[in-house]
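Architecture and fold: a report
Below, each chain spelled out in residue letters.
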Amino acid sequence: MTPQLKKTNLLKEAAFINGKFVGASTNQRFAVKDPATGEVIGEVPEMDVTDCKKAIDVASNTLKTWKKTTAKARSDMLERWYDLMIENKESLAQILTAENGKNLTESRGEIEYGASFIKWFAEEARRAYGDVIPSPVADKRLIVIQQPVGVVGIVTPWNFPNAMITRKLGAALAAGCTAVVKPAHETPFSALALCELANQAGIPEGVINMVTTQKHTKDIGKEMAESEKVHKLSFTGSTGVGKLLMEQGASTIKKISLELGGNAPFIVFNDADVDAAVEGAIGSKFRNTGQTCVCSNRLLIQSGIYDEFAKKLVERVKKFKVGHGFEEGVTHGPLISEAAVEKVKRHVDDAVSKGASIAQGGKHIKGNFYEPTVLLDMNTSMAITTEETFGPVAALYKFSNEDEAIELANDTPFGLAGYFYSRDVGRIWRVAEAMEVGMVGVNCGSVSFESAPFGGIKQSGLGREGSKYGLEEYLEKKFICMSI
Ligand code: SIN
């Protein structure tokens, strides 16, 4: 543990209900470990459905007052929360690196990214406008107002332990909703630190509640999905779990937002700026050691520039420094768990057994560390074609023409992000329109901004986060018909 982490008062070893840091009703706890070393960072309560029900009751009671606060009051509180996140950026980043493993520079970047959602929704809170509809009859006035959905259940992943919470909570609180959050068991400390700062920002007790659990994740998810007191569920994670929550939420016709898995294509055409495409691929493929839903999974490279692209990509990947996220100069940290390493190994072994060649890396280092890898001669029979690797493996497929690239890119049930590089303006429009995804990066490898809609189509999810559209997910429209 770093000296700074020991000192910080933001490392909370308790859950957060009704404005207080509390234990589980059973008094049980579980350990949170540094994925780079296996060292225990601390412990948090092992909560179960009883605790979750308590948190839901608190959120439900608090909703009565919170939904009546003005948009301005909520906006001011969110602004204060944002300021505190920025003031505490270093401590938050240290906590993030300790429990997630990403390097400190990336963690600092995530804190800024996470905070940007709070700032954005502080501003958007004031813009939840309604409508006056021109009436078709003389004696009636038709008005639409927007109101908070109610209590929101939020389930978040370990890969962005800060930003995936703020992207949801910022919008929920701005709209006037209260929330019960279940952070990933691997990374609860980043989430709990946000609760401490929310307290300091003056966000009233009971507005944000956080239940921590390792063993009871499934039951708590089910409770949130089925409870009549929870009006909306927002989940980021695997498509399998998303489907289950959707099924469970059907019992109460739950409003639901899902940000699920991807299988992003990254296409480079012969007319592309190859150096720019290599830089884009580095960011898009290897950010967070390949552990993002928008990471490119299949690099589709046109035959005319395939060799040049591969050579330049390998040169860049060779320069990576793998190690503990706290170490100076480290560019890539560990994977989150042994299971994650196993999946990467399986994908590489499968590809090699079916004819792929390893141009770089391809080996397990130790513990949760795997070499950043470049695979050539990929074909569609390989597991990487259909499964998201969620690890540092760049898999290069060769294609010959635009139609083939689009067909390959869309040949997946997923549709989160897609990227392509070309300098032909006609092609840019054609391909951007043809890609079956929610987000397209044209000549860029990053699509994540607080002001832009984040989300997928097909089996990658429902709804959008961030942007002006993100607020709508937490608002209901009410039509008022008034006789005069
Ligand atoms: C994710 O991996 O789910 C989120 C990535 C991002 O916000 O850029």
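What you see is a predicted model; the values in this text were computed from it and never measured. (Residues numbered from 1 in each chain as written. Predicted model: local features only at pLDDT ≥ 70, side-chain atom pairs only at ≥ 80, totals over all residues. Heavy atoms only, no water.)

Let us now look at the overall build of the chain. For the chain, the count of helices and strands is 16 helices and 24 strands. Relative to the 2.2 N^0.38 estimate, which gives 23 Å for 484 residues, the radius of gyration of the chain is 23 Å and therefore close to what a compact globule would have. In terms of overall dimensions, the chain has a C-alpha envelope of 70 × 65 × 40 Å along the principal axes. For the chain, the residues scored as buried account for 57% of the 484 residues in total. Put simply, of all contacts in the chain between residues at least 6 apart along the chain, 73% involve residues at least 24 apart. Surface summary for the chain: the accessible area is close to 19,000 Å², and the carbon and sulfur share equals 52%. Separation between the mean location of the 57 positive side-chain charges and that of the 60 negative ones in the chain comes to 4 Å. (Helix = DSSP H or I, 4+ residues; strand = E, 2+ residues; numbered from the N terminus. Rg over C-alpha atoms; globule rule 2.2 N^0.38 Å. Buried < 20%, exposed > 50% of the residue type's maximum accessible area, 1.4 Å probe, protein only. Contact = heavy atoms within 4.5 Å. Areas by Shrake-Rupley, 256 points an atom, 1.4 Å probe, with all protein chains shown as cover. Lys, Arg positive; Asp, Glu negative; His and termini not counted. Charge placed at Lys NZ, Arg CZ, Asp CG, Glu CD.)

Right, let's get into the site of the ligand. Around the ligand, the neighbouring residues are Y113, N159, F160, M164, R167, E259, R287, T292, C293, S448 and F454. In the model, an oxygen atom of the ligand is placed 3.1 Å from a nitrogen or oxygen of the N159 side chain. Contact with the protein chains hides 100% of the accessible area of the ligand, taken as 260 Å² for the molecule alone. For the shell around the ligand, the class distribution of residues is five nonpolar, three polar and three charged. Of the residues that make up the shell around the ligand, three or more belong to each of domain 1 (15-260 + 460-483) and domain 2 (264-442). (Near = heavy atom within 4 Å. Polar contact = N/O pair within 3.5 Å; in protein donor to acceptor, adjacent residues only side chain to side chain. Nonpolar A, V, L, I, M, F, W, Y, C, P; charged D, E, K, R; others polar. Domains from an automatic or database assignment.)

UniProt's entry tags residues 24-479 with the feature "domain: Aldehyde dehydrogenase" (unreviewed entry), counted in the numbering of this structure. The span residues 24-479 shows a helical share of 41% and a strand share of 21%, and its end C-alpha atoms are spaced 42 Å apart. (UniProt positions renumbered as here; feature names shortened; annotations may be inferred.)

Here we come to the domain arrangement of the chain. Here the chain is partitioned into domain 1 (15-260 + 460-483) and domain 2 (264-442). Of note, the centres of domain 1 and domain 2, computed from C-alpha atoms alone, are 31 Å apart. Between domain 1 and domain 2 the total buried area reaches about 1,900 Å² when both faces are included, carbon and sulfur atoms providing 58% of it. The interface formed by domain 1 and domain 2 includes zero salt bridges. (Buried area = accessible area lost by both parts, 1.4 Å probe. Salt bridge = Lys/Arg side-chain N within 4 Å of Asp/Glu carboxyl O.)

Located in the positive-phi region is N27, a residue other than glycine, with phi close to 65°. With respect to the element layout, N27 can be found in the loop between β2 (20-22) and β3 (29-33). Of note, the phi angle at N288 is positive, near 55°, even though the residue is not glycine. Inspection of the secondary structure puts N288 in the loop between α10 (274-286) and β13 (296-302).

Attention now moves to the UniProt feature "active site" (unreviewed entry) in the chain. With numbering aligned to this structure, UniProt lists the feature "active site" (unreviewed entry) at E259. Note on placement: E259 falls in strand β11 (residues 255-259). Overall, the relative accessible area of 3% leaves E259 in the buried class. Once residues within four sequence positions are removed from consideration, E259 is found in contact with M164, R167, F235, T236, G237, C293, L416, F454, S460 and E465.

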